[in-house]
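The primary structure of each chain is shown beneath.
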Amino acid sequence: MPMIIGVVAGVAVAAVAVLIGLFKLMWRVAEPNEALIISGSNHKTEGLEAGMGFRIVTGRGTLVLPGVQAVRKLSLDLNETELHVDCVTHQGIPLKVRGVVIFKVGDDFVSIANAGRRFLDQQKLMSERVHNVFAGHLRSIVGGLTVEDMIRDREKLTGQTRAACGTEMEKLGLIVDSLQIHEIEDPTGYIQNLAMPHAAAVQRDARIAQAEANRLATEAEQQSFARMAQATRDSEILQAGYQAERDKAGAKARQAGPLADAAARQEVVVQETRVAELEAHRREQQLQADVRKPADAKAYEKRTLAEAERDARISGAEAKAKETELAAAAEATRVKAAASAEAEATKARGTALAASTRATGEAEAAAAQAKGLAEAAAAKAKGLAEAEAIKARAAALAENQEAVVAQQLAENWPEIVKAGASAFGSVDNMVVLNGADGMADMLAKALTMGGTGLGLARQLLASMNQNGQTPNGTSLNGVAAPPPVQKVPVQE
């Protein structure tokens, strides 16, 4: 009994397996992009006439009897074909039209049936057939159009082509998803010639627009340059004004130092002049006190020393005056040169000329004033010294003429001896007799000739005292007098 059950179970399993295998062998499923065309028995499909002898299945499965029915697939994918058509327009102008047609088998059973009857075994030739259909209709349509129509309304060409091919494509079971005219080639250059007037007009307008734009840009640039130049000019004017003010202040500052130095030197000269006046006055009082003393040898010696001191002081005063004069002249020259250089600099700037010229004038005036004061002080000191010397000589002559004459002779004794010896200057050969005695006698005579000057001096002093004059040719009151004429006896 268990054995029977096992056999039955095995037979049942084998039967199920066989059934499953037969089912898989008989069952066919149509993909979304394909249609199954089953032939071998009469079937009536919706939308088709009866007795077509095949059945169409899309998007589902179906049972097919192996050996009794045949199953073949028709692709529902998109297909495309490129159009390269040589056409002639209504004007007789040859053109080459380039485009593309995208098509597929229709989704309805009628289109699938029509396509199945025509392309089931020739699906690879479908693109070529479609190209031939569209090429014929495209030539026909282009022949009725002009080049201008095709260029201006390319959509019209596309619509007419699709409409003309629609009936034939429907018979083939195909539908056109897209028709695009990519390019219209013109071997003769007709289209280019059509475009030339418009291109020339566009080019003309472009050049006119460019020229107008350039003109506006140039005007804007010139206005900008003018504004920049105006701004630069205003800036330079302001800078020149500020520079002139700075130069003027600098000139005043530079002139302040020389003016202060000149004023200080002027004050020093004034003080030195006052000191010289006081010193001269003191010396004058001292000399007057010394002259009133008895005119003895000691008084004469003091007067001699006073004269020497006076001469030294006069020399010092003259040197000081000369130094002051030279310093004032040098300072005036330096100040003048500095003022001239500053005047040249400020002349270029234009605004500081008046200030510089005024400063230069003030400096020159100060220098001239200082020089004049120095010269006046020196002349005054010299005059006081000469007056003091005259008074001293007059007092000395009044008190002791002999001493004055002796001093003058002592000072001029070399010239006196020289004058006496000049008598022998023209003698080429001299014969001296009596030897040494004769030589001594000759020298004694020469000395006697020189000593004769002492008598002459005394006579001169006597005559001048009678006339009221001093030995140096001046009157006792300080006025110069002409020298008297004296007859000097000549000794043989």
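Residues numbered from 1 in each chain as written. Predicted model: local features only at pLDDT ≥ 70, side-chain atom pairs only at ≥ 80, totals over all residues. Heavy atoms only, no water.

Heads up, the rule is: UniProt positions are given in the numbering used here, feature names are shortened, and annotations may be inferred rather than shown by experiment.
You'll find the protein entered in an unreviewed UniProt entry as Flotillin, with Streptomyces pseudovenezuelae given as the organism. UniProt lists a comment for the protein under the heading Sequence similarities (unreviewed entry), and it reads "Belongs to the band 7/mec-2 family. Flotillin subfamily."

Remarks on the sheet that holds strand 5 (residues 70-75)
The line we're drawing: The rule for pairing is simple: two strands pair if DSSP sees at least two bridges between them. Each helix is a run of DSSP H or I of at least 4 residues and each strand a run of E of at least 2, with the numbering of both proceeding from the N terminus. Here the axes come from fitting lines to C-alpha atoms, over the contacting stretch only for helices, and the angles between their N-to-C directions go from 0 to 180 degrees.
Strand order in this open sheet of three strands is 3-2-5, and the pairing throughout is antiparallel. Sheet topology places strand 3 (54-58) and strand 5 at the edges, where each strand pairs with a single neighbour. Sheet twist, expressed as the mean angle between neighbouring strand axes with direction ignored, is 25°. As paired strands, strand 2 (residues 34-39) and strand 3 are joined by five bridges and run antiparallel to one another.

Considering empty space enclosed by the protein
Where empty space is left in the structure can be found by rolling a water-sized probe over the atoms. To be explicit about the condition: The pocket and cavity definitions rest on a 1 Å grid over protein atoms only: a 1.4 Å probe that fits but cannot leave marks a cavity, an open set with protein on both sides within 12 Å along at least five of seven lines marks a pocket, and residues lining either have an atom within 4 Å of a point. Grid points are joined across faces, edges and corners, and a volume is the space filled by probe spheres set on the points. Charged means Asp, Glu, Lys or Arg here, nonpolar means Ala, Val, Leu, Ile, Met, Phe, Trp, Tyr, Cys or Pro, and polar covers whatever is left, Gly included.
In total, this model carries three cavities of 30 Å³ or more according to the counting rule given. The computed volume of the second largest cavity comes to approximately 50 Å³. In this structure, the second largest cavity is lined by Leu287, Arg303, Ala306, Glu307, Arg310, Glu388, Ala389 and Ala392. Of all the secondary-structure elements, those providing two or more residues to the lining of the second largest cavity are helix 7 (297-349) and helix 8 (353-399). For the lining of the second largest cavity, the element with the highest residue contribution is helix 7, accounting for four residues. Here the residues of the lining of the second largest cavity are counted per class, giving four nonpolar, no polar and four charged.

Structural notes on the layout of surface pockets
What the second largest pocket holds in volume is close to 390 Å³. Lining of the second largest pocket is provided by 21 residues; of these, Glu272, Ala276, Ala317, Ala377 and Ala381 occupy positions nearest its centre. Those elements giving two or more residues to the lining of the second largest pocket turn out to be helix 6 (190-291), helix 7 and helix 8. Among the elements that line the lining of the second largest pocket, the one with the most residues is helix 8, at eight residues. Looking at the lining of the second largest pocket, its residues break down into twelve nonpolar, two polar and seven charged.

Let's talk about helix 5 (residues 154-171)
For clarity, the threshold we go by: Take the number of residues in a helix, subtract one, and multiply by 1.5 Å to get its expected span. Bend at a residue means the angle formed by two fitted axes: the first through the 7 residues ending at that position, the second through the 7 residues beginning there. Categorising residues by exposure relies on relative accessible area from a 1.4 Å probe, with only protein chains included: less than 20% of the type maximum marks a residue as buried, more than 50% marks it as exposed, and the intermediate range marks it as partly exposed. Contact definition: two residues touch when any of their heavy atoms are within 4.5 Å.
Its 18 residues place the ends of helix 5 27 Å apart at the C-alpha level, agreeing with the 26 Å of an ideal helix rising 1.5 Å per residue. Maximum bend of helix 5: about 40°, positioned at Cys165. Taken as a whole, helix 5 has its buried residues at Leu157, Thr158, Thr161, Cys165 and Met169. Residues of helix 5 that are buried sit in contact with strand 7 (94-105), helix 3 (126-143), helix 4 (147-152) and strand 8 (174-185). Looking one or two places after helix 5, you find Gly173, whose phi comes out positive at around 80°.

Here's the deal with the nonpolar core
What counts here: We call a set of buried Ala, Val, Leu, Ile, Met, Phe, Trp, Tyr and Cys residues a nonpolar core when their side-chain atoms join them within 4.5 Å. Domain segmentation is taken from an automatic or database assignment of domains.
Core analysis: the biggest nonpolar cluster contains 40 residues, and Val101, Val105, Phe134, Met150, Leu157, Met169 and Leu174 have the highest contact counts within it. In terms of domain composition, this core takes at least three residues from each of domain 1 (27-75) and domain 2 (76-188). Setting aside residues no more than four positions away along its own chain, Val101 makes contact with Asn79, Glu80, Thr81, Leu83, Val130, Phe134, Val176, Ser178 and Leu179. Judged by nonpolar contacts, the second largest core, of five residues, contains Leu36, Ile38, Val57 and Val64.

Some details on the pattern of salt bridges
Counted only if it meets this: The salt bridge definition used is simple: a Lys or Arg side-chain nitrogen within 4 Å of an Asp or Glu carboxyl oxygen.
Within this structure, the stated rule accounts for 14 salt bridges. Lys104 is paired through a salt bridge with Asp107; the nearest N and O atoms lie 2.9 Å apart. For Asp107, a relative accessible area of 55% gives the class exposed. The salt bridge partner of Arg215 is Glu219, with a shortest N-O separation of 2.7 Å. Of this pair, Arg215 and Glu219 are both found in helix 6, four residues apart, which corresponds to roughly one turn of the helix. Overlapping salt bridges bring together Glu279, Arg282, Arg283 and Glu309 as one network.

Here we look at the sheet that holds strand 6 (residues 79-88)
The strand order across the open sheet built from three strands is 6-7-8, with neighbouring strands paired in antiparallel fashion. Strands at the two margins of the open sheet, each flanked by one partner only, are strand 6 and strand 8. Ignoring which end each strand starts from, the neighbouring axes of this sheet average 20° apart. In terms of strand pairing, strand 6 meets strand 7 through ten bridges, oriented antiparallel. Directly across from Asp86, in strand 7, lies its bridge partner Lys96. With respect to the sheet, helix 3 is in contact with strand 6, strand 7 and strand 8, its orientation differing from that of strand 6 by roughly 30°.

As for the packing of helix 3 against helix 5
The criterion, for reference: Here roughly perpendicular refers to angles of 65 to 115 degrees, roughly parallel to angles under 35, roughly antiparallel to angles over 145, and oblique to all remaining angles. Each crossing is labelled by how the near helix is turned from the far one, with a counterclockwise turn of less than a right angle marking it left-handed and a clockwise turn marking it right-handed.
Two numbers describe how helix 3 lies on helix 5: the axes approach to 9 Å, and their chain directions differ by 135°. Considering their axes alone, helix 3 and helix 5 lie oblique with respect to each other. Considering how the two elements wind past one another, helix 3 and helix 5 form a crossing that is right-handed. For the pair formed by helix 3 and helix 5, the contact residues are Val130, Val133, Phe134, His137, Leu138, Ile141 and Val142 on the first element and Leu157, Gln160, Thr161, Ala164, Cys165, Glu168 and Met169 on the second. Of the residues assigned to the contact of helix 3 with helix 5, the class counts are ten nonpolar, three polar and one charged.

Concerning the confidence of the model for the protein
Using the following cut-off: Each residue carries a pLDDT score, the predictor's confidence in it, ranging from 0 to 100.
Looking at the protein, the pLDDT average stands at 75 and 71% of residues meet or exceed 70. When mean pLDDT is compared element by element in the protein, strand 7 scores highest at 90, while helix 10 (residues 436-467) scores lowest at 57.

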